[in-house]
Amino acid sequence: MNVFCFGTGKAGGNVVEQLLRYERQLKTDFIVGAAACDTTAADLDALELIPEDARVLFGTAETNGKGFEGDAARGAEAAKREHRQLLEPTDSAPIAASDAFVVCAGLGGGTGGPTAAVIAERLSELYDQPVYGVASFSTSTTDSRCASNTLRSLRQLVSATDHVFGFDTASRVKDEDEPVSEETYDTLDAELARRLGTLFAAGEVTTADDVGASVVDASEIMNTLRGGGLATLGYSERPLPARDTSVVGRLKRLVGDDAESVDQIDSQSRITTQTREAVRGQLTLPCDIGTASRGLLVITGRPAWLNRDAISQNQGWLEDQTGSLEVRNGDDPRPDADALSVLVVLGGVAPPERLTALQAVADGDDPNDA
Ligand SMILES: Nc1nc2c(ncn2[C@@H]2O[C@H](COP(=O)(O)OP(=O)(O)OP(=O)(O)O)[C@@H](O)[C@H]2O)c(=O)[nH]1
């Protein structure tokens, strides 16, 4: 699925940078364009991969390029007032080649959340492609302004988009009240980018040999995300046995005999183990998966390991776990892959406990009272 990405605020810009990094690492091409919009000049300057002419500094009259420091009401005003400027990076971009827009933001601050909602609204008015949000919740769970910014921005983003991928960063840091280092943010954002990138890269078939028995295409992803709401992503990646590097093995590949012989029981059990690991391990948004209205299972790896029977069986298992009969599946064959990965997308999940807890903090309750 080809996407045009916006990153708003510092966190949003960082997520888009990590997505671009993942795209490079995978040697694939699913990002048709990337832009960043921020009110803090230094955060835009720190970006490395988003092109300079696609970085928009706005709100300068109020902030002098220093950001809104958590004041989301002023951030929203500036984004609404300067909405034309925010969309300028799309002017010269090949928007027709994009299947969807992706707008990424961290929600606790004054710029990212409100700006993402304004951009998403404008994109929906102007274009037919779906608009997906990526919402990274604040790592702080005790600051009431952060909590109310997160809740308000999330509500706005859900109503302005076709679906929002939630990322509960606080569930991944040891101490939610300790300041988070840039290194930790990079690790968290790279983890999110790997999951989103696996989803978007699926179906971006590059050679005829890559065509799987059931490749995931953009419409499968769109159908899974149809209806709006909040989505969570589960993921498991494990190395595959190395390919035959003997002279005979390499010779065979040189003459086009690329078939890898794989033990079917091994491939089956890997897919089953990793699907359970993806769902039972850390979801980007820990939640009750029984509330999901739709799901998608994507298996990526060398073609010989993509066992169709195992993929169908695990699709059935996911249907049982979610109670949804709308679980799709597909594979993404990558002849050079050295790992097998399983991505699970669960869409339309009920608001997770984290949001209830943030509501209590926003309302002024002491989270330690319970
Ligand atoms: N995932 C991620 N989260 C971040 C990062 N930096 C900050 N955050 C979190 O995201 C929330 C928003 O912070 P920023 O993105 O810096 O804020 P902003 O949207 O630029 O808004 P202002 O600085 O208030 O103008 C904060 O509550 C932090 O917890 C980052 O690099 N990655």
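What comes next is a walk through the structure. (Residues numbered from 1 in each chain as written. Predicted model: local features only at pLDDT ≥ 70, side-chain atom pairs only at ≥ 80, totals over all residues. Heavy atoms only, no water.)

Digging into the site of the ligand
Item 1. Near the ligand, the surroundings consist of 22 residues, among which Lys10, Gly70, Thr111, Gly112 and Asp189 are the closest.
Item 2. Gly70 has a polar backbone atom sitting 2.6 Å from an oxygen atom of the ligand.
Item 3. Notes on the ligand: free accessible area 630 Å², of which the protein chains cover 89%.
Item 4. When residues of the shell around the ligand are traced back to their parent elements, those giving at least two are α1 (9–26) and α8 (182–201).
Item 5. Here the shell around the ligand takes four residues from α1, the largest share from any one element.
Item 6. Residue composition of the shell around the ligand, by class: four nonpolar, 14 polar and four charged. (Near = heavy atom within 4 Å. Polar contact = N/O pair within 3.5 Å; in protein donor to acceptor, adjacent residues only side chain to side chain. Areas by Shrake-Rupley, 256 points an atom, 1.4 Å probe, with all protein chains shown as cover. Helix = DSSP H or I, 4+ residues; strand = E, 2+ residues; numbered from the N terminus. Nonpolar A, V, L, I, M, F, W, Y, C, P; charged D, E, K, R; others polar.)

Considerations on the packing of helix α7 (residues 144–160) against helix α13 (residues 353–362)
Packed helices, taken two at a time, are described by the angle between their axes plus the distance between the axes.
Item 1. Direction vectors running N to C along α7 and α13 enclose 125 degrees, while the axes themselves pass 8 Å from each other. Here α13 runs oblique to α7, going by the angle between their axes. Where α7 crosses over α13, the two elements pack in a sense that is left-handed. Facing Ser144, Ala147, Ser148, Thr150, Leu151, Leu154 and Arg155 of α7, the residues of α13 in contact are Leu355, Leu358, Gln359, Val361 and Ala362. (Axes fitted to C-alpha atoms, helices over the stretch in contact; angles between N-to-C directions. Parallel < 35°, antiparallel > 145°, perpendicular 65-115°, else oblique. Left-handed = near helix turned anticlockwise from the far one by under 90°. Contact = heavy atoms within 4.5 Å.)

Considering the packing of aromatic side chains
Item 1. Under the defined criterion, the tally for this structure stands at five aromatic pairs.
Item 2. Relative to Phe200, the ring of Phe30 lies with its centre 6.3 Å away and its plane at 50 degrees, an arrangement referred to as tilted. Taken together, the residues Phe30 in the loop between α1 and β2 (31–38) and Phe200 in helix α8 connect sequence positions 170 residues apart. The burial state of Phe30 is the same as that of Phe200; both residues are buried.
Item 3. Both rings, one in Tyr132 and one in Phe165, keep their centres 6.3 Å apart while their planes meet at 70 degrees; by these two values the pair is edge-to-face. Here Phe165 lies in strand β6 (residues 163–167) and Tyr132 lies in strand β5 (residues 131–136), a separation of 33 residues in the sequence. Per residue, the accessibility class of Tyr132 equals that of Phe165, and both read buried.
Item 4. Aromatic ring contacts, followed pair by pair, group Phe4, Phe6, Phe101 and Tyr127 into a single cluster. (Phe/Tyr/Trp six-rings, centres within 6.5 Å; stacked < 30°, edge-to-face > 60°. Buried < 20%, exposed > 50% of the residue type's maximum accessible area, 1.4 Å probe, protein only.)

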